[in-house]
Amino acid sequence: MTTDPSNPEVDHPYQSPGTILRQAREKAGLALDDVVAETRMTLHNVRALESDDFSKMHSDTFTRGYLRIYAKLLNLDVESLLAAYGRARQEAGFAEEDSGNSLQNTVPAAPGRPLWHFAVCILALLAGLWILSIWFLGNDGESETLTSESVVEAELVASSGAASSTPAAFTETAELMEPEAEVALPEEVNAAPVSDVTFLAETEVLETDPLDSLQLSFIDECWLVVTDAQGDVLVTDLVQPGRELSLQGRAPFEVKMGNAPAVQLSLNGAAFDLDVPAGTRLMTVSVGQ
Amino acid sequence: MLKHLRGAFSNDLSIDLGTANTLIYVRGRGIVLNEPSVVAIRHHQGHKIVEAVGTEAKRMLGRTPGNITAIRPLKDGVIADFQVTEKMLQHFIKKVHEASWFQPSPRVLISVPCLSTEVEKRAIRESAMGAGAREVRLIEEPMAAAIGAGLKVSEASGSMVVDIGGGTTEIAVISLNGVVYSDSVRIGGDRFDEAIVNYVRRHYGSIIGDATAERIKQEVGCAYAGSEVREIDVRGRNLAEGVPRSFTLNSDEILEALQEPLAGIVQAVKSALEQSPPELASDIAESGVVLTGGGALLRDIDRLLSNETGLPFIVAEDPLTCVARGGGLAMEMMDKRNIDLLSS
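Just so we're clear, the structure is a prediction, and the values are computed from it rather than from any experiment.

Trainee: Hey, could you go over the nonpolar core for me, with residue numbers and the actual values?
Mentor: Counting 51 residues, the largest nonpolar core has Leu-21, Leu-49 and Tyr-70 of chain A as its most contacted members. Elements represented by at least two residues in this core include exactly helix H2 (17–28), helix H4 (43–50), helix H5 (60–73) and helix H6 (78–92) of chain A together with strand E2 (21–26), helix H5 (141–149), strand E12 (169–175) and helix H12 (322–337) of chain B. No other element matches H12 of chain B, which puts eight residues into this core. Aside from chain neighbours lying at most four places away, what touches Tyr-70 of chain A is Leu-21, Arg-25, Val-35, Met-41, Val-46, Leu-49 and Glu-50 of chain A. Of all hydrophobic cores here, the second largest spans 47 residues; its members include Cys-222, Ala-272, Ile-301 and Leu-305 of chain B.

Trainee: A description of the pattern of salt bridges should follow, citing residues and the corresponding values.
Mentor: Inspection of the entire model under this criterion finds 22 salt bridges over all chains. Residue Glu-50 of chain A is joined to Arg-25 of chain A by a salt bridge in which the shortest nitrogen-to-oxygen separation is 2.6 Å. Taken as a pair, Glu-50 of chain A in helix H4 and Arg-25 of chain A in helix H2 lie far apart in primary sequence, 25 residues in all. Between Arg-42 of chain B and Glu-51 of chain B there is a salt bridge, with the nearest N and O atoms lying 2.8 Å from each other. One connected set of salt bridges, linked through shared partners, spans Asp-60, Arg-64, Arg-68 and Arg-89 of chain A together with Glu-317 of chain B.

Trainee: Outline the sheet that holds strand E3 (residues 233–239) of chain A, supporting the account with residue identities and numerical values.
Mentor: Residue and element names in this part refer to chain A. Pairing within the open sheet is antiparallel, and its four strands lie in the order E3-E2-E5-E8. Each edge of the open sheet is held by one strand with a lone partner, namely E3 and strand E8 (283–287). Between one strand and the next, the sheet's axes are offset by a mean angle of 10 degrees, whatever the strand orientation. In this structure, strand E2 (residues 222–227) lies alongside E3, joined through six bridges in antiparallel fashion. Residue pairing across strands places Leu-224 opposite Asp-237, the latter belonging to E3.

Trainee: Outline unusual backbone geometry, supporting the account with residue identities and numerical values.
Mentor: Here the residue pair Ala-251 of chain A and Pro-252 of chain A is connected by a cis peptide bond, since its omega of 0 degrees sits within 30 degrees of zero. Structurally, Pro-252 of chain A can be placed in the loop between strand E4 (244–249) and strand E5 (253–257). Phi at Asp-52 of chain A takes a positive value of approximately 55 degrees, unusual for a residue other than glycine. For Asp-52 of chain A, a relative accessible area of 27% gives the class partly exposed. Not every positive phi belongs to a glycine, and Gln-45 of chain B is a case in point at roughly 50 degrees. Mapped onto the elements of the fold, Gln-45 of chain B is located in the loop between strand E4 (39–44) and strand E5 (47–53). A relative accessible area of 69% places Gln-45 of chain B in the exposed class.

Basis of the calculations
- Numbers given to residues run from 1 along each chain, matching the order in which its sequence is written.
- In the order they appear in the text, chains get letters beginning with A and ligands get numbers beginning with 1.
- Only residues with pLDDT of at least 70 get local features here, since the model is predicted, and only at 80 or more are side-chain atom pairs given and counted; chain-wide, interface and lining totals rely on the full set of residues.
- Calculation of side-chain values draws on the structure's entire complement of heavy atoms; hydrogens and water are dropped beforehand.
- We define the nonpolar core as a collection of buried residues of types Ala, Val, Leu, Ile, Met, Phe, Trp, Tyr and Cys that are connected through side-chain atoms lying within 4.5 Å of one another.
- Accessibility here uses a 1.4 Å probe with only protein chains present; expressed as a share of the type maximum, an area under 20% marks a residue as buried, one over 50% as exposed, and anything in between as partly exposed.
- Only DSSP runs of H or I reaching four residues or more are called helices, and only runs of E reaching two or more are called strands; each is numbered from the N terminus.
- Contact criterion: two residues are considered in contact whenever any of their non-hydrogen atoms come within 4.5 Å of each other.
- The term salt bridge refers to a pairing of a side-chain nitrogen on Lys or Arg with a carboxyl oxygen on Asp or Glu at a separation within 4 Å.
- Pairing between two strands requires that DSSP report at least two bridges joining them.
- The convention used is that axes are lines fitted to C-alpha atoms, helices contributing only their stretch in contact, and that angles between N-to-C directions extend from 0 to 180 degrees.

In short, geometric facts, not functional conclusions.
Next comes the structure, spelled out in structure tokens:
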């Protein structure tokens, strides 16, 4: 492309493209026929260009093409000439019927998306969140139920275990029993109904499983080991004088005492005579055989 | 069903599936993708893995190790490798819908060479469907080019368009939204590059790659003898010495190199003019011929054709994107006015 940006005719902002072309052609000493011979445009089209009569052209594409060819022939700046043509079209009030096909469509516009796309996306998102929240809430309810059940189950296991094997099961006296029962309450579960359920379960277990009761009272310090018929060790302790123990388990109980004369035994309320030989302190007896 | 749902979130695309470049036009957004039709394939334990597509893959052309092959899946305007074309289209469609949350399933209009066989058209259609399109329409390339160039194709007046692409040159006379005459010759930008490579080997005893030949064509190439002479420094491997050598080429030499393919195009254009109905030939003589496609950017090709035929040849604005833009506009026209512009 041959350009001549210094050309004053083209730079003039108010000159029409036809005037620019005619003046440049006359300056170059070319006749219209010479232009026709060189560019292969028809005389009719060359005249139309010089007279700014663009309505006679086949389409805007051709007009722009002809202007380029003519500008190259006359060594004019093509872009300036096309800019002048654009202004002339605007002034003439040409409808932009060709704008759909024009270069502006080649420039990537900002990535626009129909508004309804966003609306649908947001609605879908909200619906998704709603479903998720419902699902989570449903799961939470389920987990709460499970927790209550598991607490009950845990209590049942603990209580049955306590009743059978662990030292925690032994109830010393009424005043000792109360704190023990409080400890046995599930501290994490504050809800009253759950605690009730736990108590009921424990009571049920104790009631449905009648055990033998062994009472021991001590007048002196005594080391003691009590094992029931199932082999569970109910107590192993150094018991202080004045204390009374009440043990639950299956008879017969094997009672090993470090200081037998200091111990008084009774099974299910009936006194059990130890018959300690004189001078004997360590003694093992079987109670309830 | 799912494709239609996804389609609600996809844009309508017009694809110019060219031998050299693939362009995608999106309604309301213009040209959004212009990348070379090149795919780099890595061969790994008997499997083919797509390594790169488009610009990145083109940079690999001629520079790949043994296990990577950079290939052009289209040859002479039609699909040469079906699977690779599908992968390439899939990649491009996905790239255009990067902002989308859903897998795209767009309606697609693809331009095809006017002398494509049914098998070739079916290959393109199925390739696009395989790439995720929910509906594929085909349009003849010169028709899309004419619409993209801004010709009034719907009028009862003949318009002639010459689309010089990478693989083929399409020539068509159009009137009343239809193609009256069309021809396609397998000469295009690739043949120009090939001719330059051959010329350099013959006259300089050196081998240059396709990418270098393309650069020479773009920078100093010309089609007309009276054009301004330009020069370029080129490095190629000397055949005799086996080492790289530097030499200078000028535009006259390139003109000489391009004589054969240019003569083929001129001949095809003359043939089209000869076979045009007289009324339409008269319209064309009055208005002229429009050049589109990347080949139209070859310096002074309009002057060459003008001198050879005696008609004014004008280069369309932004000739590279005419087909893709025209396809997009054709889609809009078809939707709005129910006009059939499609390839049969």
